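Spelled out, the chains give:
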Amino acid sequence: MEALRQDDPRHFGPYTVLTRFRETASAVQYLVRHSDGGDLAVVTAARPALAVVPAFRRRFRTESLTAERLSGGWVQPPLDTPGDGDVWTAAAYVPALTLAEAIALAGPLPERAVRILGAGLAETLSRVHATGAVLQGLAPGTVLLAEDGPRLTAFGPLGAAASAEARAGGQLSVRLNYLTPEQVEGKDVGPASDLFVLGLLLAYAATGTTPLADGPADEAAARIAHAPAELGSVPAELRALIAGCLVKDPAERPSAGSVAAELALEGAAGLAKGGWLPDVLAAAVADQAAWARALETPVDRSPAVAAEAGPAVEEEPRRAEPDDAHPDRGPSGAGPEAGRAAAPGDPAHAILGDPAEAAPGTRAPGGQDGPGDGSGGTDPGGGWDTGTARLLHTPPRTPPADRATTQLAVPREPVGALPPHPAVPGSPTAPAQPYPAYAYPAAPALPAPAPAPPGRRALLTAVAAGAAGLVVGGGAVFALGSEDTASASDDKPTPKPRTTVPGRAPEPRWMYTHPVTEPAPLTAGVWQDELLVLTTAAGATGVGLRTGRKVWQQPDAAGAQAVLPAGDGLCFLASPTEFLWLAPGDGTVRHRVRYADQFPGVPNLRVATLTGRSASVVWFTGSHTVTVKAPKPKKGKKPGKDTQVARAYFFAYDIVRRKELWRIAVPAGRAPGTPAYRLTAVRETDVVVRQDAATLTPADVTAGKGKAFFRCFDRATGKLLWNRQFGAVTPGGAALGDEEGRLYGAVGDDLQAFETATGKPAWALNGTAASVFGTPVRAGELLHTTNRNQEVGAVERATGKVLWRRSTEVPLGGNAPALALSGGGKTLLAADLSQVTAFAAADGRRLWKFQDVGVQEPGGATVQVPYRVLAAGRTAVVQRDRVFYAFPVE
């Protein structure tokens, strides 16, 4: 921390500035407090000399938008944002050190800490790469080590810059910390480029030095392109993984998801529980917190400033000192190499600018907008104004500088759309991040004007850039922040994913995020292995199962609860008021049957959630209200009042012929009267159901004495065959039947099988204390089980013999994982609040696990939205609230 200087702003909107906190190549970070006296926050403000450059402002906004769309997990959302004319952002303060500061203070990190660091970064990269985008934001000064885990604070090349310089003609020169082999060779970067940089960063964390990239830029570029990485000092347990990231051929590098799984299969948040920082770093973080808490809000005696309530105080930019005024550090505080002045045409720099303002004869620069956390250096010059903020009992001090490892230019990047990743409503708030994540409010992506024709000098520079980077056209804007929500933008099939290694999640074929401007999905279903259909309170959305692209929207299907094939290539949905048959190609309504007036004899029919289906037949319950006339009074007595009574029925309906097959009167449920049935078993001649506990009347509850009644109906006529209890299976307990006449139910801590013909028990699978079994899944002669001890397994259906049992390795608590079997029957997927875990159905081998870190909290706290898996052929669609991933499965 450092006291404010004479020309530092004293206010940013509603925030009062307390002290300088840290500096980067492109911005200054201030510790601030809101005018309402709330918690501390950190404002990141662009350097005045850069803030006036249009190219810088555009990149600042774009990278800020990227941060906002990544917010959640290891990326902190913004607290406040300014108007269009200001270039700053605010985020909550949480104590943390940059990786560079940590290495300078305590040396290399222990292996476990490196694993947590790498897993957290890889989880975030995996979200970025799922859309085909590239991050380019990793550097020792952009990664923070907080008490509960790592944080990422830069979201593009400007944020990770080791130096940034405004040039004549509205151009911007940016130098990054790390170079990749493909950049050295003048090729485009891709997701694999982030993995190479991640490998360099993890080696730096594990050893305190960066393989290949240390030393002068020209020598480093040659080593990066051709020399093998020297990893002898890297711990043996991490060496193979880091070596894989540093492979020269991008196609041979591992994916971000596989790196995350190999480093921490339970996730970075899970591995970090109980503490992860060495004692000296934990103490330094605690000291920083104490210093911050001791800051006193200065008394501002300026009436003009005191009356100011909105925009930040504008300060006249001071004249920047030449870099050679401080030969020991450059603009980023990273050392002589990162700080040396850039000559025009220097291939180690990216020249970013506005084509409309570029000097004649120069190439129109391009790249990506937005700032981030740079390497943590200091800006030379300026004196302390010690009267503005006071650090009690502590002198002002500057944090250790981040050493630049090499110089490189901003590469040309493929256009990719990063979907918005909103926080889940009702979930605990993620721990605050000590430094802003450059998360600005969403803004429309800027169009990419055609670059100006390159002049001779620009062409020569581009040729020379093969040794140390690329020169990028400044008019092109990298569309990380576009409004597209799916990585696929056409009907072409997605590339076949790489072969997976056991323990590593496969690459998702696509990722789709339902827009935040629309209601959250209520249900989701897969139609004919071709279409993912989402239903919301505003309508239904069709998403191509092959591409992840939104195909259609149908508002008439608002609130629909089921998605089923209905012959003739139609998609059947049951809305709250009618049955709908949609054309899967465009979502148009082909047929509709209204409950209120198209079921004879039951006017104003109210329909509950569908009970279940078999082939083209669906079963459901419905009710309507009838008026029962009061009996004729006896002579001399007053007439009684008419009463309203609910009449309920159980229906069978053929959705192909659009015809009611039968209905049978059943006892009414709790008001308004419709009993909801859950399907337990479908057999050749009958169907077994159980009434949902929430719709039981008080009389039903009393009659059951804590046990559930199961009803069996004839499939041909609807005749009630029996109404029976099985052991101590409760109305809300797990239960499933099979075609052989057995019923499997959770009884206390055990799972029991019963013969439905007699009600007698067949076998029992004993659990442990508080295990509580969930709903099992049939698979041929096997029954896959799940319980609250976060265990899944397989038993023989006929005997209950245990074949295998495995833990998902999720912390105990919550419900039993929900099971889904892949279409091929070879993969069993267990979904819970924390993750999705895939097992080999035959022997229980753990195949992989997946966590959507945009929802998973960094502190490991349980979130409120569980995962859900929809199996369709060789695809498993994983849902977490608004976000959907398509994974290949066997």
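Look above for the structure.
Bear in mind the structure is a predicted one, so any value in this text is a computation, not a measurement.

K.L.:
Provide a residue-level description of the overall build of the protein, including the pertinent values.
P.N.:
A count of helical and extended segments in the protein gives 15 helices and 46 strands. Burial analysis of the protein (890 residues in total) assigns 58% to the buried set. Here the analysis covers contacts within the protein between residues at least 6 apart in sequence; of these, 64% occur between residues at least 24 apart. Only carbon and sulfur atoms are counted for the fraction: they give 55% of the accessible area of the protein, which is about 34,500 Å².

K.L.:
Explain the pattern of salt bridges to me, using residue names and the numbers behind them.
P.N.:
Inspection of the entire model under this criterion finds 25 salt bridges. Here D597 ties to R594 by a salt bridge, and the two come within 3.5 Å at their closest N and O atoms. A relative accessible area of 52% means that D597 is categorised as exposed. Between K629 and D642 there is a salt bridge; the shortest N-O distance is 3.6 Å. Taken together, the positions of K629 in the loop between β25 (617-628) and β26 (643-654) and D642 in the loop between β25 and β26 put the pair 13 residues apart, joining distant regions of the chain. Among the residues examined, K629 registers a relative accessible area of 63% and is labelled exposed.

K.L.:
Hey, could you go over empty space enclosed by the protein for me, with residue numbers and the actual values?
P.N.:
One pass over the structure, following the stated rule, counts five cavities of 30 Å³ or more. The volume enclosed by the largest cavity comes to roughly 190 Å³. Forming the walls of the largest cavity are 17 residues, and the residues nearest its centre are S126, G257, A505, F850 and Q851. Sorting the residues of the lining of the largest cavity by element identifies α4 (111-129), α9 (256-263), β43 (846-850) and β46 (883-888) as the ones contributing at least two each. Element by element, the count of residues in the lining of the largest cavity is highest for α9, at four residues. When its residues are assigned to classes, the lining of the largest cavity shows eight nonpolar, five polar and four charged. Its volume calculated, the second largest cavity comes out at about 130 Å³. Lining the second largest cavity are 15 residues, with Q136, L138, L176, Y178 and V197 positioned closest to its centre. For the lining of the second largest cavity, the element with the highest residue contribution is helix α6 (residues 191-207), accounting for three residues. Of the residues in the lining of the second largest cavity, the class split is eight nonpolar, six polar and one charged.

K.L.:
Please provide a residue-by-residue account of the environment of G270, values included.
P.N.:
Structurally, the position occupied by G270 is in helix α10 (residues 268-272). Spatially, the C-alpha atoms of G270 and V810 are 8.3 Å apart, while their sequence positions differ by 540 residues.

K.L.:
Could you give me a rundown of the sheet that holds strand β22 (residues 589-594), with the residues and numbers involved?
P.N.:
The strand order β19-β20-β21-β22 describes an open sheet built from four strands, whose pairing is antiparallel. The open sheet has two edge strands with one neighbour each: β19 (563-565) and β22. Averaged over all pairs of adjacent strands, the angle between their axes in this sheet comes to 20 degrees, without regard to strand direction.

K.L.:
Explain the nonpolar core to me, and be specific about the residues and the numbers.
P.N.:
Counting residues in each nonpolar core, the largest one holds 66 residues, and the members touching the most others are L99, L109, L117, L138, L145 and L198. Top element by residues in this core is α6. It accounts for eleven residues. In this structure, L145 is in contact with A96, L97, L99, A102, L109, L117, W276, L277, L281 and V285, ignoring residues within four places of it in sequence. If you look at the next biggest cluster of nonpolar residues, it comprises 21 residues, including F572, W581, V607 and V618.

K.L.:
Give me the lowdown on the packing of aromatic side chains, citing residues and values where you can.
P.N.:
Counted by the stated rule, this structure contains 31 aromatic pairs. The interplanar angle of 50 degrees and the centroid separation of 5.8 Å between the aromatic rings of F599 and Y653 together place this pair among those described as tilted. One end of the pair, F599, is in the loop between β22 and β23 (606-607); the other, Y653, is in strand β26, with 54 residues separating them in the sequence. Neither F599 nor Y653 differs from the other in exposure class; each is buried. Each ring, one from W722 and one from F726, has its centre 5.8 Å from the other, and the planes form 75 degrees; the classification is edge-to-face. Here W722 matches F726 in class, with each residue buried.

K.L.:
Requested: an account of the sheet that holds strand β40 (residues 818-821), with residues and values cited.
P.N.:
Spatially, four strands are ordered β40-β41-β42-β43 in an open sheet, and the strand pairing comes out antiparallel. What marks the edges here is a single partner per strand, and that holds for β40 and β43. Recorded for the sheet is a direction-independent mean angle of 20 degrees between the axes of neighbouring strands. As paired strands, strand β42 (residues 836-840) and β43 are joined by four bridges and run antiparallel to one another. Following the sheet pairing, A838 is matched in β43 by W848.

K.L.:
Residues and numbers for the environment of W88, please.
P.N.:
Take W88: it is sitting in strand β5 (residues 88-92). Distance from W88 to A27, taken between C-alpha atoms, is 8.8 Å for residues 61 residues apart in sequence.

K.L.:
Hey, could you go over unusual backbone geometry for me, with residue numbers and the actual values?
P.N.:
Phi is mostly negative for residues that are not glycine, and the peptide bonds are mostly trans. The residue after A671, namely P672, is reached through a cis peptide bond having omega 15 degrees. In this model, V772 sits at a positive phi of 50 degrees, which is unusual for a non-glycine residue. Mapping V772 onto the fold places it in the loop between β35 (761-765) and β36 (777-779). Look at Q790: it is not a glycine, yet its phi comes out positive at around 60 degrees.

K.L.:
I'd love a proper account of helix α8 (residues 236-245), names of residues and values included.
P.N.:
Residues L238, L241, I242, G244 and C245 constitute the buried set of α8. Along α8, the residues classed as buried sweep out an arc of 155 degrees about the axis, all on the same side. Relative to its buried face, α8 has exposed residues pointing more than 90 degrees away, namely A236 and A240. Against α4, α6 and α9 lie the buried residues of α8.

Calculation notes
Residues numbered from 1 in each chain as written. Predicted model: local features only at pLDDT ≥ 70, side-chain atom pairs only at ≥ 80, totals over all residues. Heavy atoms only, no water. Helix = DSSP H or I, 4+ residues; strand = E, 2+ residues; numbered from the N terminus. Buried < 20%, exposed > 50% of the residue type's maximum accessible area, 1.4 Å probe, protein only. Contact = heavy atoms within 4.5 Å. Areas by Shrake-Rupley, 256 points an atom, 1.4 Å probe, with all protein chains shown as cover. Salt bridge = Lys/Arg side-chain N within 4 Å of Asp/Glu carboxyl O. 1 Å grid on protein atoms, 1.4 Å probe; cavity = no way out; pocket = protein on both sides within 12 Å on 5 of 7 lines; lining within 4 Å. Points joined across faces, edges and corners; volume = space filled by probe spheres on them. Nonpolar A, V, L, I, M, F, W, Y, C, P; charged D, E, K, R; others polar. Pairing = 2+ DSSP bridges. Axes fitted to C-alpha atoms, helices over the stretch in contact; angles between N-to-C directions. Core = buried A, V, L, I, M, F, W, Y, C linked by side-chain atoms within 4.5 Å. Phe/Tyr/Trp six-rings, centres within 6.5 Å; stacked < 30°, edge-to-face > 60°. Arc of directions from axis to C-beta.

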